Number of protein chains: 2
Amino acid sequence: MNKLKVKIPATADGSYPIHIGSGTLSGIWGELEKDFPKLRKFVVTDSNLKKCGHVKTLIGDKKVCSYVIDPAGEVSKTIETVVKIVESMEKEFFGRDSMVVALGGGTVGDMAGFAAAIFKRGVKVVQIPTTTVAQADSSVGGKTGVDSTISKNAFGAFYMPEAVYIDVATLKTLDDVQYRAGLVESVKHALIADAKYFDFLEKNIQAVLDKEPAVLEKLAFWNCTIKANVVENDPTEKNMRRILNFGHTIGHAVESASNFDLLHGEAVSIGIVGAELIAQELGFGDEKRFERIKNLLESLSMPLCIPKGLDKEKIIDIIKRDKKAVDLWPNFVLIEDIGKALFRDGQWAHKVDKKLIEETLDKLTD
Amino acid sequence: MNKLKVKIPATADGSYPIHIGSGTLSGIWGELEKDFPKLRKFVVTDSNLKKCGHVKTLIGDKKVCSYVIDPAGEVSKTIETVVKIVESMEKEFFGRDSMVVALGGGTVGDMAGFAAAIFKRGVKVVQIPTTTVAQADSSVGGKTGVDSTISKNAFGAFYMPEAVYIDVATLKTLDDVQYRAGLVESVKHALIADAKYFDFLEKNIQAVLDKEPAVLEKLAFWNCTIKANVVENDPTEKNMRRILNFGHTIGHAVESASNFDLLHGEAVSIGIVGAELIAQELGFGDEKRFERIKNLLESLSMPLCIPKGLDKEKIIDIIKRDKKAVDLWPNFVLIEDIGKALFRDGQWAHKVDKKLIEETLDKLTD
């Protein structure tokens, strides 16, 4: 038996810039044409973005090929939609010299990023996030994915964008509940990584709720800095990147168990409270810190308890199916202080007994 | 406007071994369990492989989860099949700690590799190619892809396997036409990269047609060495890797225009003749070399002309949609000598007038 070795060289680093501003959307197309003159651009967006005029602001009167996801939202986040995006590009003779321009929230970014990752084995993509969730979280880090009939993000790829453009002025047209729920990702970033950011959120919460551009730009800068720092250390989620899942293990399960009646941010708010209850039991909690966290979440009108009617067993069952589960039980991310994720025994995610999780869910149901 | 930079570090190199032997299939599962003990293995194969007993030889009496593509062949190479593979894995609770084991020809390898690339953002894959095409070409190099309703490999990813296992004894059960057509990839490798390999093929063509194991192992070694050398230099096809497309631009178009009545190797045989006709017109041809090439292809019973009834305009239209097309026209790979791809002006693929391609298609239609 003979043996050969194929030596695939390491790929070049995949660095990319994030541009943050207010009222910048109308200038982005010019930037793209300047920075990527040889690439044919294809816009992926959704019906909401079109309705509120952002597509027009981005492309003006230019003739641009595009795909408008309709209906907007998680319900369209399927492989069928990705196939439609790719086939639209094919019909317009797009080749490998293409750039997908994703304008929208997390689901648009996920689908456009995944379409770019698999179209003709990969074309370039740029993200222009327009929601609080996407600007804080999903546009940075290169995770893309769509749901199967069985689970969320069953299909996906790690695929970095060429650039991210954040215009905080686009948040003005966002539905108020969506807006506030998306800010929970900012609270999460502050809790796992930066106590000063948490102080800033507490002090400026009214300006945040009033959507003051200067404050929103600061939030965007803080969010992207924290997320970028984590992703740089661990792009494909081998260890440290897991801290971004703070509040998300219980959060995802509660969100799914509610059949997505709860918004992602609402569910993560409950998950964060859950993580703090667990921390208390394990000796990493602090009553005063817990009060501050609950107050900040309440000032965003986020729920702190599981709504009545959600089945505890169903939540447990979904936790078992968590993507990061090993032997049918995931590890949990905790904090030991505001701004500091708990790091023990070389791990950022920790074993927590199923019994303690059940007790925590009971407390969350009061 | 603020600007941040996300620095994604370069990924580690993606080297992998290719094991070549004869009658080795029954031992591969043990190797996999030894080398990858922690990964749950999922077999992707097709109905032909199952019928001729190779699946049984690979897994023995072990209980192994699998997906059998049925019907076998290009007709199943769709995104729907990939979705079915992924959903089968989900139903069996496969997680990120999975390994896809691809047993079969090029289409099995393509689909299994693509499914592995996009399942939960990527799990590991091993290739066990069982056809002349797959052993010579598609199992090495990490190209994966499936067809859309509009074009071949519209969806895909560059995704390297963990290992490749070639058992030339599996070729014995291969249909004779398939077997011979697959050898065209060997002829291609010899033409672009190694004159000695071409000599060897000419001298040993009867032993090759008789499927003598020792000779087949040599072919496998030669093919993998040439392909690995090209892929190592250019894993994501920025430039040099294009030489592997020798004969494939016209070949793919003719194959598609025939609605896949022509086998891939048959179409590439016509494409190689086309490339030599173009080389003659551009002053890089040689009458004696052309005769040797045609003789070798004929000894494999491969066609040298486009079959009657294929529409030239349709072929031209498909060439325009070629994945490598820029401004609706691809560049063409040519050779300047046996064993030597043409390299001019820093390029391995060359501008050829649409008019010359039309004339070439006319000559090929005689």
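> Give me the overall build of chain A: which residues, what numbers.
Helix and strand counts for chain A stand at 16 helices and 11 strands. The C-alpha radius of gyration of chain A comes to 21 Å, within 12% of the 21 Å expected for a compact globule of 366 residues. Each principal axis of the C-alpha distribution contributes one length, and for chain A these read about 70 × 60 × 35 Å. Here chain A holds 366 residues, and the buried ones make up 57% of them. In chain A, of all internal contacts separated by at least 6 residues, the share reaching a separation of at least 24 is 74%. Accessible surface, chain A as shown: approximately 14500 Å² in total, 50% of it carbon and sulfur. In chain A, the 49 positive side-chain charges and the 52 negative ones have mean positions that sit 6 Å from each other.

> Which residues make up the relation of the copies chain B and chain A, and what values go with them?
Note that the two copies of the chain are related through a rotation about an axis and a translation along the same axis. The transformation that overlays chain B on chain A combines an axial shift of 0.0 Å with a rotation of 178 degrees, and the residual RMSD is 0.5 Å. These values place the two chain copies in the arrangement generated by a two-fold rotation axis. Residue by residue, 95% of the interface of chain B is reproduced at the interface of chain A, so both copies engage with the same surface.

> Kindly report on the pattern of salt bridges, identifying the contributing residues and their values.
Taken as a whole and assessed by the stated rule, the structure comprises 37 salt bridges over all chains. For Asp147(A), the salt bridge identified is with Lys77(A), shortest N-O distance 3.8 Å. Of this pair, Asp147(A) sits in the loop between strand E7 (143–146) and strand E8 (155–158) while Lys77(A) sits in the loop between strand E4 (65–69) and helix H4 (79–91), placing them 70 residues apart in sequence. For the pair formed by Asp147(A) and Lys77(A), the shared burial category is buried. Between Lys312(B) and Asp362(B) there is a salt bridge whose closest N-O contact spans 3.1 Å. Residue Lys312(B) is found in helix H15 (residues 312–320), and its partner Asp362(B) is found in helix H16 (residues 354–364); the two are separated by 50 residues along the sequence. Residue Lys312(B) is classed as partly exposed on the basis of its relative accessible area, which comes to 25%. Taking the relative accessible area as the measure of exposure, Asp362(B) reaches 40% and is therefore partly exposed. Through salt bridges with shared partners, one network takes in Glu74(A), Lys77(A), Asp110(A) and Asp147(A).

> Could you give an account of the interface of chain B and chain A, with specific residues and numbers?
Taken together, the 66 residues of chain B in the interface contact 64 residues of chain A. Buried surface at the junction of chain B and chain A, both sides included, amounts to about 6300 Å², of which 61% is carbon and sulfur. In this structure, the connection of chain B to chain A is made through zero salt bridges. Summed over the shared surface of chain B and chain A, the result is 12 residue pairs in polar contact (both at pLDDT 80 or more).

> An account of the pairing of strand E6 (residues 124–129) of chain A is needed here, citing residue identities and associated values.
All names here are of chain A. Within E6, five of the six residues are buried, leaving the element largely enclosed by the surrounding structure. Sheet analysis places strand E5 (residues 98–104) next to E6, joined by six bridges and oriented parallel. Following the sheet pairing, glycine 104 is matched in E6 by proline 129. Between the parallel pair E5 and E6, the chain is carried across by helix H5 (residues 106–118), and the sense of this crossover is right-handed. Where E6 and strand E9 (residues 163–167) come together, two bridges link them in parallel fashion. Each bridged residue has a counterpart across the sheet, and for glutamine 127 the counterpart in E9 is valine 164.

> Any chance you could break down the packing of aromatic side chains for me, citing the residues and the numbers?
Describing an aromatic ring pair means giving the distance of the ring centres and the angle of the ring planes. Going through the model one piece at a time under the given rule, you end up with 10 aromatic pairs over all chains. For the ring pair Phe343(A) and Trp348(A), a centre distance of 4.4 Å and an interplane angle of 40 degrees mean the geometry is tilted. Judged by its relative accessible area of 39%, Phe343(A) is partly exposed. A relative accessible area of 18% means that Trp348(A) is categorised as buried. Plain terms: the ring middles of Trp329(B) and Phe332(B) are 6.3 Å apart, the flat faces sit at 50 degrees to each other, and that makes the pair tilted. The pair Trp329(B) / Phe332(B) is uniform in exposure class, with both members buried. An aromatic cluster of three or more residues is present, and its members are Tyr197(A), Phe200(A) and Trp222(A). It is Lys211(A) that lies over the ring of Tyr179(A); its NZ or CZ is 4.5 Å from the centre.

> Outline the environment of Glu217(B), supporting the account with residue identities and numerical values.
All names here are of chain B. Positionally, glutamate 217 belongs in helix H11 (residues 213–233). For the pair glutamate 217 and alanine 169, spaced 48 residues apart in the sequence, the C-alpha separation amounts to 9.4 Å. With residues near it in sequence (within four places) discarded, glutamate 217 still touches Ile20, Gly21, Ser22 and Val168.

Definitions and cut-offs
Residues numbered from 1 in each chain as written. Chains lettered and ligands numbered in written order. Predicted model: local features only at pLDDT ≥ 70, side-chain atom pairs only at ≥ 80, totals over all residues. Heavy atoms only, no water. Helix = DSSP H or I, 4+ residues; strand = E, 2+ residues; numbered from the N terminus. Rg over C-alpha atoms; globule rule 2.2 N^0.38 Å. Buried < 20%, exposed > 50% of the residue type's maximum accessible area, 1.4 Å probe, protein only. Contact = heavy atoms within 4.5 Å. Areas by Shrake-Rupley, 256 points an atom, 1.4 Å probe, with all protein chains shown as cover. Lys, Arg positive; Asp, Glu negative; His and termini not counted. Charge placed at Lys NZ, Arg CZ, Asp CG, Glu CD. Least-squares fit on C-alpha atoms with pLDDT ≥ 70 in both. Salt bridge = Lys/Arg side-chain N within 4 Å of Asp/Glu carboxyl O. Buried area = accessible area lost by both parts, 1.4 Å probe. Polar contact = N/O pair within 3.5 Å; in protein donor to acceptor, adjacent residues only side chain to side chain. Pairing = 2+ DSSP bridges. Right-handed = clockwise from strand over helix to strand, strands pointing away. Phe/Tyr/Trp six-rings, centres within 6.5 Å; stacked < 30°, edge-to-face > 60°. Lys NZ or Arg CZ within 6 Å of the ring centre and 35° of its normal.

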